[in-house]
Amino acid sequence: MTVTIYHNPRCSKSRQTLALLEENGIEPTVVEYLKTPPDAATLKSILEQLGMTAHELMRRGEDEYKAVKDTVGAMDNQAAIEWLVQTPKVIERPIVVTPKGARIGRPPESVLEIT
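Calculation notes
- Residues numbered from 1 in each chain as written.
- Predicted model: local features only at pLDDT ≥ 70, side-chain atom pairs only at ≥ 80, totals over all residues.
- Heavy atoms only, no water.
- Pairing = 2+ DSSP bridges.
- Helix = DSSP H or I, 4+ residues; strand = E, 2+ residues; numbered from the N terminus.
- Axes fitted to C-alpha atoms, helices over the stretch in contact; angles between N-to-C directions.
- Contact = heavy atoms within 4.5 Å.
- Salt bridge = Lys/Arg side-chain N within 4 Å of Asp/Glu carboxyl O.
- Buried < 20%, exposed > 50% of the residue type's maximum accessible area, 1.4 Å probe, protein only.
- Expected span 1.5 Å × (residues − 1).
- Arc of directions from axis to C-beta.

S.K.: Can you walk me through the sheet that holds strand 2 (residues 29-32) in this structure?
M.R.: Note: strands within a sheet are paired through backbone hydrogen bonds, in either parallel or antiparallel orientation. Sheet architecture is open: 4 strands sit in the order 2-1-3-4, paired in mixed fashion. Edge positions in the sheet fall to strand 2 and strand 4 (101-104), since each of these pairs with one other strand and no more. On average, adjacent strands in this sheet sit at an angle of 20° to one another, irrespective of strand direction. Two elements, strand 1 (residues 4-7) and strand 3 (residues 95-98), share 3 bridges in a ladder whose sense is antiparallel. Residue pairing across strands places Ile 5 opposite Val 96, the latter belonging to strand 3. Relative to strand 1, helix 1 (residues 12-23) is tilted by about 160°, and along the sheet it contacts strand 1, strand 2 and strand 3. Each of strand 1, strand 3 and strand 4 is contacted by helix 2 (residues 40-50), which is oriented at about 85° to strand 4, the strand it contacts most.

Put into structure tokens, the structure is as follows:
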């Protein structure tokens with residue numbers, strides 16, 4: 001089974017989720033999304049698998065979000081996806097994607113539902 005984790009090594013939940021996958025014998029493809037953000041089509045697919053909108057995937061505590069929250073809040077979903085691609089730091093993390101679906105690793109154990 002192909003497992004991909006959109007990972008930020010500086011995030012404790014992301015590190016815990018990656019460790020949990022590895023402890024369960026899963027060697028995921030690791031995408032450091034701050035270095036290599038998903039493109040709009042990939043992010044749209046991930047959102048569909050998560051059952052979320054782009055706005056729901058945003059980390060509202062980040063300075064990048066706070067600086068433009070009114071503008072971003074008024075965007076439609078596609079425009080918000082494009083903004084997330086350009087501002088990946090605001091994407092909630094970690095995200096694990098498998099053929100069974102996608103989950104955000106908060107708590108990390110939630111990703112085991114799709115592995």
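More follows now that the structure is in view.
S.K.: Looking at this structure, how should I read the pattern of salt bridges?
M.R.: For side chains of opposite charge, pairing can occur when their charged atoms come near one another. Taken as a whole, this structure holds 8 salt bridges when the rule is applied. Between Arg 59 and Glu 62 there is a salt bridge, with its nearest N and O atoms 3.1 Å apart. Between Glu 92 and Arg 59 there is a salt bridge, with its nearest N and O atoms 3.1 Å apart. Within this pair, whereas Glu 92 is found in the loop between helix 5 (77-86) and strand 3, its partner Arg 59 is found in the loop between helix 2 and helix 3 (63-66), the two being separated by 33 residues in sequence. The same class applies to Glu 92 as to Arg 59, namely buried.

S.K.: So what exactly am I meant to see when it comes to the pairing of strand 3 here?
M.R.: Both faces of the sheet carry side chains from a regular strand, because those side chains alternate between them. Of the two faces of strand 3, both are covered, the one formed by Ile 95 and Val 97 as well as the one formed by Val 96 and Thr 98. Bridge count between strand 3 and strand 4: 4 bridges; the pairing is antiparallel. Across the sheet, the residue bridging to Ile 95 is Ile 104, located in strand 4. Between strand 3 and strand 4, which follow one another and run antiparallel, lie 2 residues.

S.K.: I tried to follow helix 1 on my own but got confused; where do I start?
M.R.: An α-helical turn contains 3.6 residues, so any two residues separated by three or four positions project in the same direction. In this model, helix 1 (12 residues) spans 16 Å end to end at C-alpha, consistent with the 16 Å of a helix rising 1.5 Å per residue. All of the buried residues along helix 1 are Ser 14, Thr 17, Leu 18, Leu 20 and Leu 21. Each buried residue of helix 1 lies within a common arc of 160° when the element is viewed along its axis, so the set occupies one face. Looking at the buried residues of helix 1, the elements they touch are strand 1, strand 2 and strand 3.

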